[in-house]
Amino acid sequence: MLPSVSRCTRPICLSVARPLAHLRPPMDPDPSRPVETTIRTKLTEKFKPDHLEVHNESHMHAVPPGSESHFRVLVVSSQFVGLPLIQRHRRVNEALKEELSSCVHALAIQAKTPEQWGVDPALGKSPSCMGGSKNDRTVEEKLKAGRE
């Protein structure tokens, strides 16, 4: 386990999301990525998703190699039916509040109903990093705190 992320992990029981039949299966958890694994597990337990993608986009930002600080998630769940987008995002943020308050600096969220996903099964693309986190002391402090 990387020392910089040890504060964001705890023993977890991995489960697999139920993929929609016509879509690719969910990515297998990688035990060398504890934050990514924790995010995947928490979202699976909370939302029982039909489809879940968790992408570590830290390599696209001004952070040390191997970091787990910037993520994009796609959650497809029937629990989002009837909820406005802001409520969906709030629920995802609430599920990951521990990680967001400690080691995760950025989280891009796509929260869709199965019907929306059936019409548009695409994951949005992240823009190129503009280098903003080079001057963001919170990223540096979180990474430093994780190494201590």
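As annotated in an unreviewed UniProt entry, the protein chain is BolA-like protein 1 from Poecilia reticulata. Taken verbatim from the UniProt record of the protein chain, the Function (unreviewed entry) comment is "Acts as a mitochondrial iron-sulfur (Fe-S) cluster assembly factor that facilitates (Fe-S) cluster insertion into a subset of mitochondrial proteins. Probably acts together with the monothiol glutaredoxin GLRX5. May protect cells against oxidative stress." The Subunit (unreviewed entry) field of the UniProt record for the protein chain holds the comment "Interacts with GLRX5."

## A short note on the environment of Val76
Among the secondary structure elements, Val76 is positioned in strand β2 (residues 70-76). Classification of Val76 by relative accessible area gives buried; the value is 0%. A sequence separation of 40 residues divides Val76 from Gln116, and the C-alpha atoms of the two residues are 8.5 Å apart.

## Quick notes on the sheet that holds strand β3 (residues 106-112)
Pairing in this open sheet of 3 strands is mixed, and the strands run β1-β2-β3 from one edge to the other. The open sheet has two free edges, formed respectively by β1 (51-56) and β3, since each of these has just one partner strand. Here the average twist between neighbouring strands, direction ignored, is 10°. Relative to β2, β1 runs antiparallel, the two being bridged by 6 bridges. Opposite Asn56, over in β2, you have Phe71 as the bridge partner.

What counts, and at which threshold
- Residues numbered from 1 in each chain as written.
- Predicted model: local features only at pLDDT ≥ 70, side-chain atom pairs only at ≥ 80, totals over all residues.
- Heavy atoms only, no water.
- UniProt positions renumbered as here; feature names shortened; annotations may be inferred.
- Helix = DSSP H or I, 4+ residues; strand = E, 2+ residues; numbered from the N terminus.
- Buried < 20%, exposed > 50% of the residue type's maximum accessible area, 1.4 Å probe, protein only.
- Pairing = 2+ DSSP bridges.
- Axes fitted to C-alpha atoms, helices over the stretch in contact; angles between N-to-C directions.

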